[in-house]
Amino acid sequence: MTILVFDSGVGGLSILREVRVILPGRRIVYVGDDAGFPYGDWPEAPLVERIVGLFERCLDTFDPSLAIVACNTASTLIMPALRTRFEIPFVGTVPPIKPAAERTASGMISVLATPGTVQRPYVARLIEEHADTCDVTLIGSTRLARLAEQHMRGLPVDHERLAEEIRPCFLERGERRTDIVILGCTHYPFLVHEMRKLAPWPVDWLEPAEAIARRSLSLIGHVDERNFSDPELSPDIAIMTRGKTDAPLRRLLSGFGLQAREPIDALAIFRDRQAVV
């Protein structure tokens, strides 16, 4: 049984590691569209066209039982198109606003995400449906995803820039202040330890990885792991659409149990396409 995990880069690895815990034994095919990264800079129509085209080729090639869109920016836009076009179950990734609203004590929540995510009507509906009594602040960061990618490749974190990016999340109104920050991009959990050090006061940092993995389990169910083929014959793989996996990226992917593979011809056609901004 194969699970396809899709992201704009390597941020979706934060979802993959939780999938491994809750759905052990499945073969993972990770597709990172680093040729299109970052999705937050794309206009909506070209992004939809690109992602649907990539999925068409991925599903034809790998025949997964389930696909996870491990990207908030893409999920808040693309899920209806994917579910209309393809028959397999899809699990999207959206900011965990409902759990945050249930957990907050102060009623003050910040959503830290890409500009594309915080501007989506889908996020506004989540807030209206689940957090209408809360004070929700939306922060669209243009630099955090890149900082996370650099950090994951072993480069030092620019703490001054990181502090600047998270500062708008922390608000005080009278005796109340923000007590929950939602990480609305799958890249951001890889920076959370540094964020905690720089935060002006302690908060809960919420990410959706466990909920995504449990939703995936509910859709495909438990299976007898003894029925899986030899993992040496069907290893977990990662395909990056840019087609260039340098040594730091290969080490990163290997650390998540993924063998880097060159893009198949059908994916390589996306390699040189740039966002139309």
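The rules behind each value
- Residues numbered from 1 in each chain as written.
- Predicted model: local features only at pLDDT ≥ 70, side-chain atom pairs only at ≥ 80, totals over all residues.
- Heavy atoms only, no water.
- Helix = DSSP H or I, 4+ residues; strand = E, 2+ residues; numbered from the N terminus.
- Rg over C-alpha atoms; globule rule 2.2 N^0.38 Å.
- Buried < 20%, exposed > 50% of the residue type's maximum accessible area, 1.4 Å probe, protein only.
- Contact = heavy atoms within 4.5 Å.
- Areas by Shrake-Rupley, 256 points an atom, 1.4 Å probe, with all protein chains shown as cover.
- Lys, Arg positive; Asp, Glu negative; His and termini not counted.
- Charge placed at Lys NZ, Arg CZ, Asp CG, Glu CD.
- Core = buried A, V, L, I, M, F, W, Y, C linked by side-chain atoms within 4.5 Å.
- 1 Å grid on protein atoms, 1.4 Å probe; cavity = no way out; pocket = protein on both sides within 12 Å on 5 of 7 lines; lining within 4 Å.
- Points joined across faces, edges and corners; volume = space filled by probe spheres on them.
- Nonpolar A, V, L, I, M, F, W, Y, C, P; charged D, E, K, R; others polar.
- Pairing = 2+ DSSP bridges.
- Axes fitted to C-alpha atoms, helices over the stretch in contact; angles between N-to-C directions.
- Salt bridge = Lys/Arg side-chain N within 4 Å of Asp/Glu carboxyl O.

(A) Molecular detail of the overall build of the protein. Along the backbone of the protein there are 12 helices and 12 strands. Taking 2.2 N^0.38 as the reference for a compact globule, 277 residues should give roughly 19 Å; the C-alpha atoms of the protein span a radius of gyration of 18 Å, in line with that estimate. For the protein, the spread of C-alpha atoms along the principal axes amounts to about 60 × 35 × 35 Å. Counting every position in the protein, which comprises 277 residues, the buried fraction comes to 55%. Partitioning the contacts of the protein with sequence separation of at least 6, the portion at a separation of at least 24 is 76%. Surface exposure of the protein reaches about 12800 Å², of which carbon and sulfur atoms provide 48%. Seen as two clouds, the 32 positive and the 37 negative side-chain charges of the protein have centres 2 Å apart.

(B) Inspection of the nonpolar core at higher detail. By size, the foremost hydrophobic cluster in this structure holds 29 residues, and its most contacted members are I3, L13, V19, L23, I68 and L258. Looking at this core, the elements that each hand over two or more residues are β1 (2–7), α1 (13–22), β2 (27–32), β3 (66–69), α10 (209–220), β11 (237–240) and α11 (247–255). Excluding anything up to four places from it in sequence, L258 contacts L13, L16, R20, I28, Y30, D236, I237, A238 and L253.

(C) Empty space enclosed by the protein, seen in detail. Taken as a whole, this structure holds 2 cavities of 30 Å³ or more when the rule is applied. In this model, the largest cavity occupies a volume close to 80 Å³. Contributing to the lining of the largest cavity are P38, G40, D41, T114, P115, S141, T142, R143, L144, A145, R146 and Y188. Tallied by class, the residues present in the lining of the largest cavity amount to 5 nonpolar, 4 polar and 3 charged.

(D) Highlighting unusual backbone geometry. Following F37, the chain continues to P38 via a peptide bond in cis, the omega torsion being 0 degrees. Take P38: it is sitting in the loop between β2 and α2 (44–62).

(E) Region of interest: the sheet that holds β2. If you walk across this open sheet you meet the 6 strands as β4-β3-β1-β2-β11-β12, and the pairing is parallel. Among the strands making up the open sheet, the edge pair consists of β4 (90–91) and β12 (259–261). This element, α2, spans β1, β2, β3, β4 and β11 of the sheet and lies at about 160 degrees to β1.

(F) Molecular detail of the pattern of salt bridges. All chains considered together, the criterion is met by 11 salt bridges. Notably, a salt bridge pairs E56 with R85, separated by 2.2 Å at the nearest N-O pair. Taken as a pair, E56 in helix α2 and R85 in helix α3 (residues 72–85) lie far apart in primary sequence, 29 residues in all. Exposure remark for E56: the relative accessible area of 28% places this residue in the partly exposed category. With a relative accessible area of 43%, R85 lands in the partly exposed category. E164 is the partner of R143 in a salt bridge, and the nearest nitrogen-oxygen pair spans 3.2 Å. Separated by 21 residues along the polypeptide, R143 in the loop between β6 (135–140) and α7 (144–152) and E164 in helix α8 (residues 159–166) bring together distant segments of the chain.

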